[in-house]
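A structural walkthrough
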Amino acid sequence: MTASRDPDRLVRAFLLEGDEELSDRVYDAVRAQIEQTRQRAVIGPWRTPSMNKYMTLGLGAAAVVLALVVGAQLLGSSGGNVGGPNDEPTATAEPIATPTAEPTPTSTPWSGLPAGPFDVTGADGAVDGGPVRTFVDIAAPGWTSIPDLDYVYVNDDGLDAPQTVGGGVIAWSFPPGTEFLVYEDPCQWATTIPESPATTPDEIATAFQAQAQTDATEPVHVTIGGYAGKAVTLTVPMSYEVPGATREEEFGECDEDQFVFYGIVGEDSAVVRNAQGPGQVDELMILDVDGSIVILDAVYSPATPPDIIDELRALAESATFELP
Amino acid sequence: MQDELVRQAQRGDAEAFDSLARMVGDRCLAIAVRILRDVDLAEDAVQAALITAWTELRALRDTSRFEPWLHRILTNACYAEARRRKRWYEGPRILPVAGAYGPDEYLTVDDRDLLERAFRRLTVQQRAILVFHHYLGLSISEVAARTGLPVGTAKSRLHYATRALRASVDADARTSPPSQERMA
């Protein structure tokens, strides 16, 4: 392998190899079985909304930046977006054609975000849609970001809570007047939608305090970057832990296999915040920034070491805001 | 035409469903093989998915979304097959590759070996994300729909799957001697 291979093209070329044909034996077996199987009747209304419509933020563990040496030669490095695509390809029903693009040179190995102010909300395509940009102060090496998710993280081991030893900070901003649905029970979220949405930091924090299962702390006053708000900490119960299971299996008894703290429902899409695993802790700082709501979410797991948690808090508290 | 077959099948027409299955079967197998890395398991997953699709077909409201809907069922069937394999068979398996892979000028034998090993080390969920995104060329929101994940979760999983693939290839490349082809 040479050092100038297009990583996406290599993966596509690898996946495009092969030409499968389903054997008649399988079709015959299906036919024989459906002849003896009744279709399930559908009774009652169609279930809506579907989670598929939801722009749900499900952040995994935070990350340690890999020093890509030989791996970078094969799969390349893409600057600030470590491994994640910056844009979404056009949907197509057909398998993509054999790649034709010329190989592109790889960039220098990614070594993490530089020290100093970093615009967490710098990328287009973030899920929140708010007007406020949030800058945090990167004080130590090891941080990286997922720009599309307005997320910076450190010490990632690629695992979900409660195994991960990493953590991260989310910075979402929402336009003035946004209505937050803080579900009364994050596990039964689809059926415990509050009658009245919350719109201010006080209302949102109070709703979290009343939320079942998350053992929310009492909201306290907080000022970040010169803007006031409320801080509240949520903890996902460890009782959901199933060793070796996937996140969806652990939350299998919950609506749509997801444990969802809150949602903002639009006309045809919604943003919701879901948990990544049992024991996850979310230290929320809910701020009123000139009428917009900014939620800083320092998230970590029971296995995250105290020094990392201190780093997360310091990073969240370093936030400054820029208005349009 | 597919829509009409779906509607007929929803009314209990097994013949129509059989035609429908034959329209989509090869692609389902292609997806399942890439997720499971095993043709036999993939065939089992496709068979299970098609039977589930028949049973649940009346719950499909938008008949034009039959294939995405089927792919979500197929993804779950792949996960179930992977779990079953874990239970019954922990050793290495040999992929039936003879005749299945054509030459690709861009991939060397070394690339293919490294990627195959790296892909197998990923979780089945990570493989599914990569297959839908890179093989079918779907947007993240479509990937989310077909894997039953929230969009944000699909985004972060793609990110971590790609990173895990890199790390695995990196580790292998450090320890594997180059093949004759590579040296030539």
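In case you missed it, the structure is sitting above this.
The following refers to the structure shown. Remember, predicted model here, so these are calculated numbers, not experimental data. (Residues numbered from 1 in each chain as written. Chains lettered and ligands numbered in written order. Predicted model: local features only at pLDDT ≥ 70, side-chain atom pairs only at ≥ 80, totals over all residues. Heavy atoms only, no water.)

As a further point, take the pattern of salt bridges. Applying the stated rule across the entire model yields 25 salt bridges over all chains. Between Arg31 of chain A and Glu15 of chain B there is a salt bridge, with its nearest N and O atoms 3.0 Å apart. Of this pair, Arg31 of chain A sits in helix α2 (residues 24-35) while Glu15 of chain B sits in helix α2 (residues 14-36), which puts the two residues in different chains. Since its relative accessible area comes to 46%, Glu15 of chain B is described here as partly exposed. A single network of salt bridges, built from pairs that share partners, joins Asp24, Asp28, Arg31 and Glu35 of chain A together with Glu15, Asp18 and Arg22 of chain B. (Salt bridge = Lys/Arg side-chain N within 4 Å of Asp/Glu carboxyl O. Helix = DSSP H or I, 4+ residues; strand = E, 2+ residues; numbered from the N terminus. Buried < 20%, exposed > 50% of the residue type's maximum accessible area, 1.4 Å probe, protein only.)

All names here are of chain A. Among the structural elements, Val299 can be located in strand β13 (residues 292-300). In the structure, Val299 is positioned 10 residues away from Ile309 in sequence and 8.6 Å away in space, judged by C-alpha atoms. If near-sequence neighbours (up to four positions away) are discounted, Val299 is found in contact with Tyr151, Gly167, Gly168, Arg273, Gln280, Val281, Asp282 and Leu312. (Contact = heavy atoms within 4.5 Å.)

Turning our eyes to something else, we now look at unusual backbone geometry. Residues and elements named next belong to chain A. Residues Ala161 and Pro162 are joined by a peptide bond in cis, for which omega reads 5°. Structurally, the position occupied by Pro162 is in the loop between β5 (151-154) and β6 (167-174). Of note, Asp290 is a non-glycine position whose phi angle comes to about 50°, a positive value. Assignment of secondary structure puts Asp290 in the loop between β12 (281-289) and β13.

Here the focus is the sheet that holds β13 of chain A. All names here are of chain A. With antiparallel pairing, the 7 strands of this open sheet are ordered in space as β4-β5-β6-β13-β12-β9-β8. A strand with exactly one partner marks an edge of an open sheet, and here the two such strands are β4 (143-146) and β8 (220-224). In this sheet, neighbouring strand axes are inclined to one another by 25° on average, regardless of whether the strands run parallel or antiparallel. With 7 bridges joining them, strand β9 (residues 227-235) and β12 adopt antiparallel strand pairing. Among the inter-strand pairings, Leu234 is bridged to a residue of β12, identified as Asp282. (Pairing = 2+ DSSP bridges. Axes fitted to C-alpha atoms, helices over the stretch in contact; angles between N-to-C directions.)

Any functional reading would require information that these geometric values do not contain.
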